[in-house]
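Observations on the three-dimensional arrangement
Next come the chains, spelled out residue by residue.
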Amino acid sequence: MAFIASVITEMPAYKRLARQFQERGYTQGNTEYKYYKSDISIANIPKSERFEYLRQHLTGCHDDYIAYVVSHPKQFNKQFFKDLIAINYYSLFFEKNIFEWMDEAIIDEELVMCAMLRAVNMRYCERRDECDDWFYSVKRRKPELLTQEMYILGARCFASKRNGANRFLEITPDEYRTEEYYHALCTSNDTPVMEDIPEEILTSDFLVDVLNDDIESVQCFTEAALETEVPVQDRGILKVWQAVMVVAGNRAHLIPLNEERIEYFFSLYSKDSCEYEYGFKRHYKEYLRKKNSVPAPDNGDTMFAGMATLLGIMGGMSSDEAIDRSSKAIHDSTDRKTCLPVFYGGPVPAEYSKKYDKEEYLFEIYKKLGIKVLGEANYYFFNVRLPKDITIVKDEYGKYLVKRDDETVIVYYDRGSFYDRDVMVCDIRVSL
């Protein structure tokens with residue numbers, strides 16, 4: 001098992017489709033264009049410029065643009081739509097994507113291949129199923145144009161399982177549901193698509209191949225798949241979840257936790273490791289929070305600041321003025337005498353680094369100083385009770401000094417706007 005980033009253009013199905021495209025003499029659309037400002041009423045565009053304007057700005061969000069193209073079919077041939085796909089990726093988006101309403105006679109294999117190659121090469125959606133509208137329109141109007149290669153690439157780019165349904169899998173013809181298809185379905189997928197794959201497909205070799213393409217694909221694995229034993233070089237036979245922790249401990253947050261998995265992680269990595277700090281700590285603490293029924297901290301002050309910003313803008317302030325005012329309000333409203341930061345950004349001394357992570361060490365320092373932590377005030381601060389010898393003052397540089405009598409024992413800062421706030425203890429001047 002290796003840690004390899006998956007590249008869609010290296011998929012056999014992509015290479016086959018690209019070869020077919022070339023062998024059949026097909027061409028992509030022209031990407032050269034004269035720039036026009038967007039969102040202009042069609043009536044305000046000179047007739048001589050409408051073709052060029054629409055070639056770069058036509059999407060499903062513009063009913064008047066669509067109506068104009070539909071009512072002037074002789075002005076907009078297949079080349080126009082090829083150019084549109086090449087220039088404006090969003091023409092493939094939304095319920096009213098171009099394949100939903102264009103003249104059915106124009107839709108052919110070349111145009112559909114152009115759409116698929118464009119979709120593959122320009123995939124930057126946050127969700128897999130945000131880029132797939134055009135595919136469903138072609139499925140409804142010209143299903144015979146969707147080849148096996150396109151379904152395999154669609155499984156890789158578009159398929160997801162949300163609210164118990166996998167829409168893309170449901171429209172895939174049975175004859176195209178091959179092992180190659182299911183491999184593409186699972187690769188780089190963070191939704192539970194493996195639940196719907198036939199058991200005979202889910203061999204240990206299949207699971208290893210999927211993880212070798214992209215180890216983050218473990219997010220789509222079922223519990224049975226996670227418990228499947230696989231060979232790992234120099235480690236022998238391990239369960240899938242163990243293999244992921246061994247090969248890429250910084251991806252351990254992608255695996256559902258239980259006590260066995262937590263114990264195994266800590267047999268591999270200590271609390272001063274990068275794997276723990278950046279790949280496991282938050283996931284682990286969320287598990288403990290849920291296990292012990294501890295509610296998540298309420299970040300209501302951020303919601304309040306956001307609303308105050310909106311009201312300020314509505315009242316005539318500039319956005320910068322409103323954000324600055326709201327950010328200042330939440331900083332000023334924090335009771336520094338009864339709140340101290342949750343997070344520590346400095347190093348844990350070597351003698352404690354295996355036992356405590358940064359936040360645990362800070363918590364122990366609070367206890368050492370006699371500061372009683374009462375609970376979480378919000379994401380950034382604990383509610384605390386200070387002993388009589390502890391005070392908090394703000395220095396000339398905007399940092400907060402926690403003093404025991406006249407000695408500074410902790411330094412922290414609270415800076416940034418309310419939506420990008422950074423609260424951190426930056427210096428601890430006492431030891432356990």
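Here, the structure is the one placed above.
In this text the structure is predicted, and so the values were computed from the model without any measurement.

**Side note on the overall build of the protein chain**
A count of helices and strands for the protein chain gives 19 helices and nine strands. Residues classed as buried in the protein chain amount to 49% of the 432 residues present. Counting contacts in the protein chain only where the partners sit at least 6 residues apart, residues at least 24 apart contribute 59% of the total. As displayed, the protein chain has an accessible area near 22,000 Å², and 50% of this comes from carbon and sulfur atoms.

**Quick look at the sheet that holds strand β8 (residues 407–415)**
An order of β6-β7-β8-β9 is seen for the four strands of this open sheet, with the pairing classed as antiparallel. Each having just a single partner strand, β6 (390–394) and β9 (422–428) make up the two edges of the open sheet. Between one strand axis and the next, the sheet turns by 25° as a mean value, whatever way the strands run. Bridge count for strand β7 (residues 400–404) against β8 is five bridges, and the pairing is antiparallel. Bridging from a neighbouring strand, L401 pairs with V411 of β8. Lying on the sheet, helix α19 (residues 358–368) is in contact with β8 and β9; it crosses β9 at an angle near 65°.

**Focus: the packing of helix α10 (residues 179–186) against helix α11 (residues 204–213)**
Their axes nearest at 10 Å, the elements α10 and α11 cross at an angle of 45°. Overall, the two elements α10 and α11 adopt an arrangement that is oblique. Here α10 runs over α11; the crossing is right-handed. Across the interface between the two elements, E179, Y182, H183 and C186 from α10 touch F206, D209, V210 and D213 from α11. Partitioning the contact of α10 with α11 into residue classes produces four nonpolar, one polar and three charged.

**Re the pattern of salt bridges**
Under the counting rule described, the total for this entry stands at 32 salt bridges. Salt-bridge contacts for R177 lead to D174; the nearest nitrogen and oxygen are separated by 3.8 Å. The exposure class of R177 is partly exposed, given its relative accessible area of 26%. Judged by its relative accessible area of 63%, D174 falls in the exposed class. Each of the salt bridges in this network shares a partner with another, and the network as a whole consists of E223, E227, K239, E260 and R261.

**Structural notes on the layout of surface pockets**
When its volume is computed, the largest pocket comes out at roughly 980 Å³. Along the walls of the largest pocket sit 29 residues, with K285, R289, V342, F343 and E376 positioned nearest its centre. Of all elements in the fold, only α15 (274–279), α16 (281–291), α19 and β4 (372–376) reach the threshold of two or more residues within the lining of the largest pocket. If you tally residues by element for the lining of the largest pocket, the top one is α16, at eight residues.

**Description of the environment of S273**
Considering the arrangement of structural elements, one finds S273 in the loop between α14 (259–268) and α15. Since its relative accessible area comes to 13%, S273 is described here as buried. Once the C-alpha coordinates of S273 and K354 are considered, the two residues, 81 residues apart in sequence, prove to be 8.8 Å apart. Only 2.7 Å separates the side chain of S273 from the backbone oxygen of S270, close enough to count as a polar contact.

**Side note on the packing of aromatic side chains**
Applying the stated criterion across every chain yields a total of 40 aromatic pairs. Counting every residue linked through ring pairs, the aromatic cluster contains F99, W134, F135, Y136, Y151, F158, F168 and Y176. The lysine or arginine in question, R167, covers the ring of Y136, its NZ or CZ lying 3.6 Å from the ring centre. It is R415 that lies over the ring of Y413; its NZ or CZ is 3.7 Å from the centre.

**Topic: the side chain of Q56**
Tracing the chain through its elements places Q56 in helix α2 (residues 47–57). Excluding its chain neighbours within four sequence positions, the residues that come into contact with Q56 are Y33, K34, Y35, Y36, L84, I87 and N88.

**Remarks on the sheet that holds strand β3 (residues 339–341)**
Spatial strand order, β3-β5-β4: three strands in an open sheet with antiparallel pairing. A single partner strand is all that each edge strand has here, and the edge strands are β3 and β4. Adjacent strand axes in the sheet meet at a mean angle of 40° when their direction is disregarded. One ladder, built from four bridges, connects β4 with strand β5 (residues 381–385); its direction is antiparallel. If you follow E376 over to β5, its bridge partner there is F382. Sitting on the sheet, α19 touches β3, β4 and β5, and the angle it makes with β3 is about 140°.

What counts, and at which threshold
- Residues numbered from 1 in each chain as written.
- Predicted model: local features only at pLDDT ≥ 70, side-chain atom pairs only at ≥ 80, totals over all residues.
- Heavy atoms only, no water.
- Helix = DSSP H or I, 4+ residues; strand = E, 2+ residues; numbered from the N terminus.
- Buried < 20%, exposed > 50% of the residue type's maximum accessible area, 1.4 Å probe, protein only.
- Contact = heavy atoms within 4.5 Å.
- Areas by Shrake-Rupley, 256 points an atom, 1.4 Å probe, with all protein chains shown as cover.
- Pairing = 2+ DSSP bridges.
- Axes fitted to C-alpha atoms, helices over the stretch in contact; angles between N-to-C directions.
- Parallel < 35°, antiparallel > 145°, perpendicular 65-115°, else oblique.
- Left-handed = near helix turned anticlockwise from the far one by under 90°.
- Nonpolar A, V, L, I, M, F, W, Y, C, P; charged D, E, K, R; others polar.
- Salt bridge = Lys/Arg side-chain N within 4 Å of Asp/Glu carboxyl O.
- 1 Å grid on protein atoms, 1.4 Å probe; cavity = no way out; pocket = protein on both sides within 12 Å on 5 of 7 lines; lining within 4 Å.
- Points joined across faces, edges and corners; volume = space filled by probe spheres on them.
- Polar contact = N/O pair within 3.5 Å; in protein donor to acceptor, adjacent residues only side chain to side chain.
- Phe/Tyr/Trp six-rings, centres within 6.5 Å; stacked < 30°, edge-to-face > 60°.
- Lys NZ or Arg CZ within 6 Å of the ring centre and 35° of its normal.

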